[in-house]
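Chain residues, written in single-letter form:
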Amino acid sequence: MTNKINDLLRRVEAFKPQAAAELEEFRIKILGKKGELTALMEEFKTVAPELKRELGQQLNRLKTTATERINALREELGNAAADRAARVEDMTRPGSAEPLGSRHPISLVRREIVEVFARLGYTVAEGPEIEDDWHVFSALNFPPEHPARDMQDTFFIEKDPDILLRTHTSSIQVRTMERQKPPIRVICPGRVFRNEAISSRAHCIFHQIEGLYIDEGVSFADLKQSLLYFAKEVFGGQTAIRMRPSYFPFTEPSAEVDVSCNLCGGKGCNVCKGTGWLEIMGCGMVDPNVLTANGIDPQKYSGFAFGMGIERIAMLKYGVKDLRLYFENDVRFLRQFDSAL
Ligand SMILES: [Zn+2]
């Protein structure tokens, strides 16, 4: 009889009903008039007198445990049901907020630049990150001994023939000229790779956007006006630009472009190092050698190209000066751009 009592006790303790009906069914099975406990009580009447004391205590304990357990379970189920009902009925309860991501600052700036040039009629062109020597250097008038071709600057994947990670997005311009005849008006955003030590001011991966416009009669004045429009759209209506002579293998003449410092209004501050100007990009008229190398007649067509680092523009817009932050993807950094959605 002790075995029966212990078995029932174990089942009572392990019982976990999902609904009130299930609990009631269990209660009748144990405590009801024809229940298992009642049957044990009947059996108790027939046991030998010397066993009555011990078995009587066991039976009492079982009855108390079963009753308490069933009452506790009933309360639990009742509360859960009331809770569910309250949740459905109370329409004024605040909703639960889903965590939202934010756009990466590099994506925000890239999108803004693309949108500005889209208004000038540019379409986006893309190209592979793994390139060959022709598309990155040769077609762009890089002389064979140019230092950019050196192992110090370029990540080579294979030698002879040279397969490498593109060091600038100008390779997309070459691919565009290969498949399209003028007029060409494209903007080329993308990741580029250079063999540099990582620091706050340099990284082995960064992002560029380049533009290319080729048609009959394209002049340096067109280039200057396009870039002035870009500068005013991105840095504000008061922004002025200036151009300084420079050198790139693929443009002639070439220039560096500065915008007036939007922090000090041109008076000079520590961001612009007291000059009132901030360097933002390189540009120039497409070198006739580049046009010829890509099957475009330089007697008939002319064009301009420009290129900028997206990190550089993001730095000027948001004041984030450490390049590494753009790649670490620390959510405490990224969350600060929520409002820019
Ligand atoms: Zn300044």
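Residues take numbers from 1 onward in each chain, read along the sequence in its written order. In keeping with the predicted nature of the model, local features appear solely for residues at pLDDT of at least 70, side-chain atom pairs appear and are counted solely at 80 or more, and the whole-chain, interface and lining totals rest on all residues. Note that the side-chain values use all heavy atoms of the structure and ignore hydrogens as well as water.

## Regarding the domain arrangement of the chain
Frequently, the measure chosen for interface size is the accessible area removed from exposure when the parts meet.
Part 1 of the argument: Here the limits of each domain have been adopted from an automatic or database domain assignment. The assigned domain composition of the chain is domain 1 (2-87) and domain 2 (105-340).
Part 2 of the argument: Spacing between the C-alpha centres of domain 1 and domain 2 amounts to 79 Å.

## Some remarks on the pairing of strand S10 (residues 302-309)
The side chains of a regular strand alternate between both faces of the sheet.
Part 1 of the argument: Buried means the residue's accessible area, taken with a 1.4 Å probe over protein chains only, is under 20% of the maximum for its type, while exposed means over 50%, and partly exposed covers the values in between. The secondary structure listing takes helices from DSSP runs of H or I that are at least 4 residues long and strands from runs of E that are at least 2 residues long, numbered from the N terminus. Most of S10 is tucked away, with six of its eight residues classed as buried.
Part 2 of the argument: With eight bridges joining them, strand S6 (residues 205-215) and S10 adopt antiparallel strand pairing. Residue pairing in the sheet places Gln 208 in a bridge with Gly 309 of S10. By definition, two strands form a pair when at least two bridges between them are found by DSSP.

## What about the sheet that holds strand S8 (residues 251-260)?
Part 1 of the argument: Reading across the sheet, the seven strands line up as S1-S5-S6-S10-S9-S8-S7 and stay open at both edges, with mixed pairing between neighbours. One side of each edge strand has no neighbouring strand; the edge strands of this open sheet are strand S1 (123-124) and strand S7 (241-248).
Part 2 of the argument: Against the sheet, helix H5 (residues 105-118) engages S1, strand S5 (184-193), S6 and S10, with an angle of about 5 degrees to S6. Only heavy atoms matter for contacts: two residues are in contact if any of them lie within 4.5 Å across the pair. Lines fitted to C-alpha atoms define the axes, with helix axes restricted to the stretch in contact, and inter-axis angles between N-to-C directions lie between 0 and 180 degrees.

## Observations regarding the coordination of the zinc ion
Part 1 of the argument: Donor atoms from the polypeptide that coordinate the zinc ion comprise Cys 261 (SG), Cys 264 (SG), Cys 269 (SG) and Cys 272 (SG), at 2.2 to 2.3 Å from the metal.
Part 2 of the argument: One can describe the site at the zinc ion as tetrahedral: its four donor atoms subtend angles covering 103 to 115 degrees at the metal.
Part 3 of the argument: The exposure class of Cys 264 is buried, given its relative accessible area of 13%. Donor atoms are limited to N, O and S found within 2.8 Å of the metal ion, a distance that becomes 3.2 Å for Na, K and Ca. With water left out, some sites might look partial. Under this scheme a four-donor centre is tetrahedral when all angles range from 85 to 135 degrees, a four-donor centre is square planar and a six-donor centre octahedral when opposite donors are above 155 degrees with the rest from 65 to 115, and any other centre is irregular.

## Re helix H8 (residues 220-235)
Part 1 of the argument: Helix span, as expected, comes to 1.5 Å for every residue beyond the first. For H8, spanning 16 residues, the distance from its first C-alpha to its last is 22 Å, which sits close to the expected 22 Å at 1.5 Å a residue.
Part 2 of the argument: Count one or two residues on from H8 and you reach Gly 236, which has phi positive near 110 degrees.

## Regarding the packing of aromatic side chains
Part 1 of the argument: Aromatic rings from Phe, Tyr and Trp, with only the six-membered ring used for Trp, were paired whenever their centres fell within 6.5 Å, and each pair was classed as stacked if the ring planes differed by under 30 degrees, edge-to-face if by over 60, and tilted otherwise. What the rule picks out here adds up to 14 aromatic pairs.
Part 2 of the argument: Relative to Phe 142, the ring of Phe 137 has its centre 5.1 Å away and its plane inclined at 75 degrees; by these criteria the two rings are edge-to-face.
Part 3 of the argument: The buried category is assigned to Phe 142, whose relative accessible area is 7%.
Part 4 of the argument: Taking 6.0 Å as the distance between ring centres and 75 degrees as the angle between the ring planes, the aromatic pair formed by Tyr 326 and Phe 333 counts as edge-to-face.
Part 5 of the argument: On the basis of relative accessibility, which here comes to 8%, the residue Phe 333 falls in the buried class.
Part 6 of the argument: Members of the aromatic cluster, each reached through a chain of ring pairs, are Phe 117, Tyr 122, Tyr 213, Phe 230, Phe 304 and Phe 306.
Part 7 of the argument: A positively charged side chain is recorded as over a ring if its NZ (Lys) or CZ (Arg) lies within 6 Å of the ring centre. The angle to the ring normal must also be within 35 degrees. Note that Lys 52 overlies the ring of Phe 44, its terminal NZ or CZ placed 5.3 Å from the centroid.

## A closer look at the sheet that holds strand S4 (residues 163-165)
Part 1 of the argument: A sheet is described by the order of its strands in space; here three strands give the open sequence S2-S4-S3, paired in antiparallel fashion. Looking at the sheet topology across the chains shown, the edges are occupied by strand S2 (130-132) and strand S3 (156-158). Averaged over all pairs of adjacent strands, the angle between strand axes in this sheet comes to 35 degrees, irrespective of strand direction.

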